[in-house]
Each structure stands twice: as structure tokens, then as C-alpha cells.
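# Geometric and topological summary
As a plain string of letters, each chain reads:
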Amino acid sequence: MEFIHKYETTIRLGVFLGSFCLLAFLEWLNPRRLLTQKKIGRWLNNFSLVVLGAIAIRLIFPVAAVGTAYLIQQNHFGLIHYFDPPYWLAVVVSIALLDLSVYFQHVIFHIMPILWRFHRVHHSDLDCDVSTGIRFHPIEIILSMVIKIVFIIMLGVPVLAVIIFEVVLNLMSMFTHSNIRINKRLDSVLRWFLVTPDMHRIHHSARENETNSNFCFHLSIWDRLFGTYLEEPRNGHDKMVIGLDQFRESKWQNLSGLLYLPFTSHIGGYAVNYRDTINADELELARELAIKNREKAELASELASYIEAIGKHALVSITDRNGKIIEVNDKFCEVSGY
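Residues numbered from 1 in each chain as written. Predicted model: local features only at pLDDT ≥ 70, side-chain atom pairs only at ≥ 80, totals over all residues. Heavy atoms only, no water.

A few words on the pattern of salt bridges. Tallied over the full model, the rule gives 11 salt bridges. In this structure, Asp 238 and Arg 32 form a salt bridge, with 3.3 Å as the shortest nitrogen-oxygen distance. Of this pair, Asp 238 sits in helix α14 (residues 236-239) while Arg 32 sits in the loop between α2 (8-29) and α3 (39-60); the two residues are 206 residues apart in sequence, bridging distant segments of the chain. A relative accessible area of 61% means that Asp 238 is categorised as exposed. When the shortest N-O distance is used, the salt bridge between Asp 125 and Arg 42 registers 2.9 Å. Of this pair, Asp 125 sits in the loop between α7 (113-123) and α8 (138-155) while Arg 42 sits in helix α3, placing them 83 residues apart in sequence. Among the residues examined, Asp 125 registers a relative accessible area of 1% and is labelled buried. Beyond isolated ion pairs, a larger network of salt bridges with shared partners links Arg 32, Asp 198, Arg 201 and Asp 238. (Salt bridge = Lys/Arg side-chain N within 4 Å of Asp/Glu carboxyl O. Helix = DSSP H or I, 4+ residues; strand = E, 2+ residues; numbered from the N terminus. Buried < 20%, exposed > 50% of the residue type's maximum accessible area, 1.4 Å probe, protein only.)

Along the chain, Thr 176 turns up in helix α9 (residues 159-177). Take Thr 176: its relative accessible area is 0%, and that puts it in the buried class. Within polar-contact distance, the side chain of Thr 176 engages the backbone oxygen of Ser 173 at 3.4 Å. (Polar contact = N/O pair within 3.5 Å; in protein donor to acceptor, adjacent residues only side chain to side chain.)

What follows deals with the packing of helix α4 (residues 65-75) against α8. Running from N to C, α4 and α8 cross one another at 20°; their axes reach a closest spacing of 10 Å. As far as their axial angle goes, α8 and α4 are roughly parallel. Judged by the twist between their axes, the crossing of α4 over α8 is right-handed. Residues Ala 65, Thr 68, Ala 69 and Ile 72 of α4 touch α8, and the partners they reach there are Met 145, Lys 148, Ile 149, Ile 152 and Ile 153. (Axes fitted to C-alpha atoms, helices over the stretch in contact; angles between N-to-C directions. Parallel < 35°, antiparallel > 145°, perpendicular 65-115°, else oblique. Left-handed = near helix turned anticlockwise from the far one by under 90°. Contact = heavy atoms within 4.5 Å.)

Moving on: the packing of helix α6 (residues 87-111) against α7. At their nearest, the axes of α6 and α7 sit 6 Å apart, and the two run at 105° to each other. For the element pair α6 / α7, the angle class is roughly perpendicular. In contact with His 106, Ile 108, Phe 109, His 110 and Ile 111 of α6, α7 contributes Pro 113, Leu 115, Trp 116, His 119 and His 123.

Glancing now at the pairing of strand β2 (residues 325-328). With 3 bridges joining them, strand β1 (residues 317-319) and β2 adopt antiparallel strand pairing. Bridging from a neighbouring strand, Ser 317 pairs with Val 328 of β2. A loop of 5 residues connects β1 with β2, the two strands running antiparallel in sequence, and Gly 323 in this loop sits at a positive phi of about 90°. (Pairing = 2+ DSSP bridges.)

Remember, this is a structural readout, not a statement about activity or role.
What follows is the structure, encoded as C-alpha cells:
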């Protein structure tokens, strides 16, 4: 226990680097999908974001998640200390509750427009691989740390639980975003308990109802329990388009573009309220019909304006096949006297 506390930073960094290298090797060995972008540029941008986020955390927070847990544990503060369960039970329950808090945090980042602005940096990746698991805007990393610290204080999470959770969070974030091919039968069994890459990849689909599904990071039970689970994407994993339609240009796929992306005006075209895993096709058809009707209304309004302008400034007469005038406008009567 003392060893884990003492070398917490070294353990986390070692697990992070070791897991990244292992998952990157497995992706290269047996990829699930063909990537559409060059790896070097994407990986450089994604690593730059996580480094900037880590620097921001060090500069802003005198104590981060583990440091907060130390202070809470010393002062016996929080909900768990109130019930005083056995230490091992407190650790297990704390990890599960922290995982649930991450699920709700993730959902909230999709619901609130101001939070979605920062989270869409993560979703703007046009491919999904191990590096996508670390692609978060520095401000989102700061906001996530604030939320995590609040939950740790409220619950009174033990230090060991925070350390285990932080290590597993980094590991699972990279694993669930990885481009690893897993046997379909094994995947179907694993996802009853854990989030698998095929399960989470749906969350990065460009289709809104698919993006608003499968929010879990570790335990898959929360998606099933709260009705946000989607088993398969409509077009299958191989043909599924990944990313956000409004940020597919190259200017949004470099470091400067990713840092500026939350502050652009492109906020339309996305809302968690559109999520419907059953009637997705009907919703899409209804939206397409609404767009067509709006375009027709705009054309009709424009045509009416043209007709009104012609009526005021031109002589208009309509004849039948024999040349007999059957209809005229007011301007014609005014000028001709008939």
C-alpha cells in the first residue's frame, strides 16, 4: 500500500506508456478498420493536446485527484466515511461510483452546448485509434478534474481507489478507442461487463443517434441501465463514418485548429435530444423532409417577391390561344385605360 502511494506518479506513467505501446502494436498487427488519415500527424496533435492538458493541471491545481483524496482521508470527510464500511468494500464501491460519475459527466458534456463545444474536439477525430483516447481539449481536461475532485470530496473516496481508478481510466480510454480487431463472440461476452472497442467506436459515428449512444468508459452496465446502449451502427463498423461533419476540413485537424475549435460559431446540427436508437431512420427522413419544405417555402417567398415587383413595374397581359386577353395586371389597366 505504501509503495503504491509513494510511486503513484511513476506507476501511472509506466502503465500509460506501456499500454499505449502495446495497444499501438496490436492495432498494427490486426487492425479493425482502415484508417483514413495519416497516423504521424494525428498522433502528434493528440499527444500535444494531452501534454498541454497535463501542464495546465499542474499549474492550476495545487493538489489533483490523489492529493484531494489524501486530505479527505486524513480528515475522515465524505459520505463513505459516514457509513464506515470495511476498507476493501469502500475501495470497490468508490471505484464503481467514480465510474458512474464519469458516465454522467460524459452525458452532460453532450447535453450542454457550452460543454459540448470543448468535448467535440475529441469527437472531431476522423479516425478512431489508441491516440483518440488521449485527444481532449486542455480546458475539458481541467473541467473534468474539477468534477472529479468534487465527487471525491462528496464521497470521501479512499486514496487507493483514486489511484486504481486513475490508472484504469487511462488504460480503458486508450483500449476502448483502439483500432483492435476482437473476435465477435468474445466481444459480445466482454461487453456485458466491460466497454469494448467495437462498442465505444459507435459513439464516434458521424450519425447523431449513434454519437449519443454508448457513453460508458469502463463498466458497460450504465449504458444498459440508463437506456443509452446501442449494439451495432446502422452501416456496420467498416462503412461507418467517424467524426463530425462540420469539422472535416484539414484546418480543424491540426493543433491550432483543435485548440481554437471550441470557440467557433459552428454549434448547430447537433443535439442529444435527437437520440433515438429505434426510429433513427424515421427521424432522419423527417429532418430531410423539414429541410426540403423549408427550401420550398423560401423559393415560394422569393417567387412571390418577383411577381410583386413585376406587377408594379411592368405591363402584364395573359391571352388565350386565339389571342383574346383574359387577364391583366393593375399596371396594364393604369397605362392602357381599359
